[in-house]
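Commentary on secondary and tertiary structure
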Amino acid sequence: MSNLNTFLFGIYPYIALTVFFLGSLVRYDREQYTWKTGSSQMLESKQLRRGSVPFHVGIIMVLMGHFVGLLTPHQVWDFLHVTAPMKQVFAMAMGGFFGLICLYGLVILIQRRISHPRVRASSSTMDMAVLWL
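About the criteria used
- Residues numbered from 1 in each chain as written.
- Predicted model: local features only at pLDDT ≥ 70, side-chain atom pairs only at ≥ 80, totals over all residues.
- Heavy atoms only, no water.
- Helix = DSSP H or I, 4+ residues; strand = E, 2+ residues; numbered from the N terminus.
- Rg over C-alpha atoms; globule rule 2.2 N^0.38 Å.
- Buried < 20%, exposed > 50% of the residue type's maximum accessible area, 1.4 Å probe, protein only.
- Arc of directions from axis to C-beta.
- Contact = heavy atoms within 4.5 Å.
- Axes fitted to C-alpha atoms, helices over the stretch in contact; angles between N-to-C directions.
- Parallel < 35°, antiparallel > 145°, perpendicular 65-115°, else oblique.
- Left-handed = near helix turned anticlockwise from the far one by under 90°.
- Expected span 1.5 Å × (residues − 1).
- Phe/Tyr/Trp six-rings, centres within 6.5 Å; stacked < 30°, edge-to-face > 60°.
- Core = buried A, V, L, I, M, F, W, Y, C linked by side-chain atoms within 4.5 Å.
- pLDDT = per-residue confidence, 0-100.

Now for the overall build of the chain. Looking only at helices and strands, the chain has six helices and zero strands in total. Reading the helices (α) and strands (β) of the chain from amino to carboxyl end gives α-α-α-α-α-α. Computed over its C-alpha atoms, the radius of gyration of the chain comes to 20 Å, more than 25% above the 14 Å expected for a compact globule of 133 residues. The C-alpha extent of the chain, read off along each of the three principal axes, is 55 × 35 × 30 Å. A buried classification covers 17% of the 133 residues belonging to the chain.

Listed below in structure tokens is the structure:
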């Protein structure tokens, strides 16, 4: 179990980050505009606004929460008198809250792509793949 633990938590994150950064550089150099959803704002904007705002607010706050949780030194939490269990409960509550906001927006955006006839007609397979991923 120790070898598996070392690989999963000691080596694999660096492999994943390396692939992410190198892959991003290669995609930027070779295929800049391939992973995006096509704009459909002019076809229907009410549901787009209703889904896009909560999706982006939720995903940005979840990412910011990860950065704060991972990059804040233990001394700061000790200075603020925040114990590890308190930090964990707060992180789970806020992450769950903003995760649900993100999911709410994503469901609206997927439902909009599927059910609105004009948006569906202009959507490509990659548009749906990006939303599902």
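Now that the structure is up, let's keep going.
Within helix α6 (residues 125-132), the full set of buried residues consists of Asp127, Met128 and Leu131. End-on view of α6: buried residues confined to an arc of 95 degrees, all on one side of the axis. The inward-facing, buried residues of α6 contact α4 (84-115) and α5 (117-122).

Moving on: unusual backbone geometry. Residues other than glycine seldom take positive phi values, yet His81 does so here, at roughly 60 degrees. Structurally, the position occupied by His81 is in the loop between α3 (74-79) and α4.

So, on to the packing of helix α2 (residues 46-71) against α4. Taken N-terminus to C-terminus, the directions of α2 and α4 make an angle of 155 degrees; their axes are 7 Å apart at the nearest point. One element, α2, and the other, α4, form an angle in the roughly antiparallel class. Between α2 and α4 lies a crossing of left-handed hand.

Looking now at α4. Over its 32 residues, α4 runs 45 Å from end to end, which matches the ideal 46 Å to within 8%, given 1.5 Å per residue. Where α4 is concerned, the buried positions are Phe98, Cys102, Gly105, Leu106, Ile108, Leu109, Ile110, Arg112 and Arg113. On the buried face of α4, the contacting elements are α2, α5 and α6.

Turning next to the packing of aromatic side chains. Evaluation of the coordinates by the stated rule reveals three aromatic pairs. Ring geometry for Phe20 against Phe21: centres 5.1 Å apart, planes inclined by 65 degrees, an arrangement best described as edge-to-face. With a centroid separation of 5.1 Å and 70 degrees between ring planes, the pair formed by Phe97 and Phe98 is classed as edge-to-face.

Another aspect to go through is the nonpolar core. Among the nonpolar cores identified, the biggest contains five residues, and these are Leu106, Leu109, Ile110, Met128 and Leu131. Of all the elements in the fold, those that place two or more residues in this core are α4 and α6. In terms of residues, this core owes the most to one element, α4, which gives three residues. If we ignore the near neighbours within four places in the chain, the residues touching Ile110 are Met128, Leu131 and Trp132.

Moving on to the confidence of the model for the chain. Any segment with low pLDDT has predicted coordinates that should not be analysed in fine detail. Mean pLDDT for the chain: 85, with 90% of residues reaching 70 or above. In the model of the chain, α6 stands out as the element of lowest mean pLDDT, 77, in contrast to α4, which has the highest, 92.

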